[in-house]
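# Report on the structure
The residues making up each chain are set out below.
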Amino acid sequence: MRVVIQENYGKMCKWAANYIAAKINAHGGDRPFVLGLPTGSSPLGVYTELARMNKAGEVSFKNVVTFNMDEYLGLPREHDQSYWYFMWSNFFDHIDIPKENVNILNGMAEDPEAECARYEAKIAALGGVDLFLGGIGVDGHLAFNEPFTSLTSRTGVRVLTSDTRIVNSRFFGNDPEKVPAKALSVGIGTVMDSKEVLILINGHNKARALAASVEGGVSQKWTCSALQMHPAAIIACDEPACGELTVDTYKYFLDIEKSERL
């Protein structure tokens, strides 16, 4: 596992955006670059920077196919809290990606399980995800894989915990009951199948989750801990998120990154 510690959120986002752009630009051949994407507050700075780079001609998304991590079950795409709406408002409308290259789970599907199976099959048909960008919750959940979700899970229907609904209620008039009780989400196994994983962890409230991801044992209680088993996992974090790391761990990753730049 690689842990890249940046001074603040802005620098973390710029580092991540540069990394993603470099991977896209280095990709060759006829096959498109397949990029997994999250929603939430953590990636917003990355999306802003990637859009800037796109407009500046530093990266193009014309040969990129995206798969989003999740979507609320029962919310139409036109709802201002749907993840379809979030992605187009905050990212896709600002870059040159072809509309047909965007894949987001359909929260209004008549058969949600069939929709999830279709999603998995389409990822496989494209040769898998090259890079999965993600964020985690304060309880370490990755996508909507809440604590105690199987670490080999595939895309499917997830029941959201009360904690998650309370946290997300800030987008629903601070009423947890207005937050959908279920969502469609890629599985931990789906993310782990990707060639690379880049997880964003920022803010003091994510400090315990970062420590569990890096220093804790692999456990279903912290689904983020599965990253320890990925051969090419990167965590990009800011200084406030490092509050629960031991001093030796903190210094180790700073030293490793310093050596990489030499």
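For the structure given in this document, a descriptive report is provided here. Keep in mind that this is a model prediction, so the values were computed, not measured.

Attention now goes to the pairing of strand 2 (residues 33-37). Most of strand 2 is tucked away, with five of its five residues classed as buried. Alternating residues of strand 2 divide into Phe33, Leu35 and Leu37 and Val34 and Gly36, and every residue in both groups is buried. Note: strand 2 against strand 3 (residues 64-68), five bridges, orientation parallel. Note that in strand 3 the partner of Val34 across the bridge is Val65. In this view, the connection linking strand 2 to its parallel neighbour strand 3 by way of helix 2 (residues 44-55) has right-handed handedness.

As a further point, take the nonpolar core. Formed by 40 residues in total, the largest nonpolar core has its most connected members in Ile199, Ile201, Leu210, Ile235 and Cys237. Of all elements in the fold, only strand 1 (2-6), strand 3, helix 4 (112-125), helix 6 (188-192), strand 9 (196-201), helix 7 (207-214) and strand 10 (233-238) reach the threshold of two or more residues within this core. Those residues in contact with Ile199 that sit more than four places away from it in its chain are Gly134, Gly135, Ile136, Leu142, Leu227, Ile234, Ile235 and Ala236. Core analysis: the second largest hydrophobic core is formed by 36 residues, Met12, Ala17, Val46 and Leu198 among them.

Two aromatic rings are characterised by how far apart their centres lie and by the angle between their planes. One pass over the structure, following the stated rule, counts 12 aromatic pairs. Ring geometry for Tyr47 and Phe91: centres 4.5 Å apart, planes at 15°, overall stacked. Of this pair, Tyr47 sits in helix 2 while Phe91 sits in the loop between helix 3 (83-90) and strand 5 (102-103), placing them 44 residues apart in sequence. Pair check on accessibility: Tyr47 and Phe91 agree, each one buried. For the ring pair Phe61 and Phe91, a centre distance of 5.6 Å and an interplane angle of 85° mean the geometry is edge-to-face.

This brings us to the sheet that holds strand 8 (residues 182-185). Taken together, the three strands give an open sheet; going across it, the order is 4-8-7, and neighbouring strands pair in antiparallel fashion. Every interior strand has two partners, whereas the edge strands, strand 4 (70-72) and strand 7 (156-159), have only one. Going across the sheet, the axis of each strand differs from the next one's by a mean of 30°, ignoring polarity. In the sheet, strand 4 pairs with strand 8 via three bridges, with the strands oriented antiparallel. Among the inter-strand pairings, Asp70 is bridged to a residue of strand 8, identified as Ser185. The strands touched by helix 4 are strand 7 and strand 8; relative to strand 7, the strand with the most contacts, the crossing angle is about 125°.

Next up on the list: the pairing of strand 9. Taken across its six residues, strand 9 has six buried, putting it largely inside the fold. Neither face of strand 9 is exposed, since Glu196, Leu198 and Leu200 on one face and Val197, Ile199 and Ile201 on the opposite face are all buried. Of the strand pairs in this sheet, strand 9 and strand 10 are connected by five bridges, and their pairing is parallel. Looking at the pairing, Leu200 lines up with Ala236 of strand 10. In the classification by handedness, the crossover that spans strand 9, the intervening helix 7 and the parallel strand 10 is right-handed.

What counts as what
- Residues numbered from 1 in each chain as written.
- Predicted model: local features only at pLDDT ≥ 70, side-chain atom pairs only at ≥ 80, totals over all residues.
- Heavy atoms only, no water.
- Buried < 20%, exposed > 50% of the residue type's maximum accessible area, 1.4 Å probe, protein only.
- Helix = DSSP H or I, 4+ residues; strand = E, 2+ residues; numbered from the N terminus.
- Pairing = 2+ DSSP bridges.
- Right-handed = clockwise from strand over helix to strand, strands pointing away.
- Core = buried A, V, L, I, M, F, W, Y, C linked by side-chain atoms within 4.5 Å.
- Contact = heavy atoms within 4.5 Å.
- Phe/Tyr/Trp six-rings, centres within 6.5 Å; stacked < 30°, edge-to-face > 60°.
- Axes fitted to C-alpha atoms, helices over the stretch in contact; angles between N-to-C directions.

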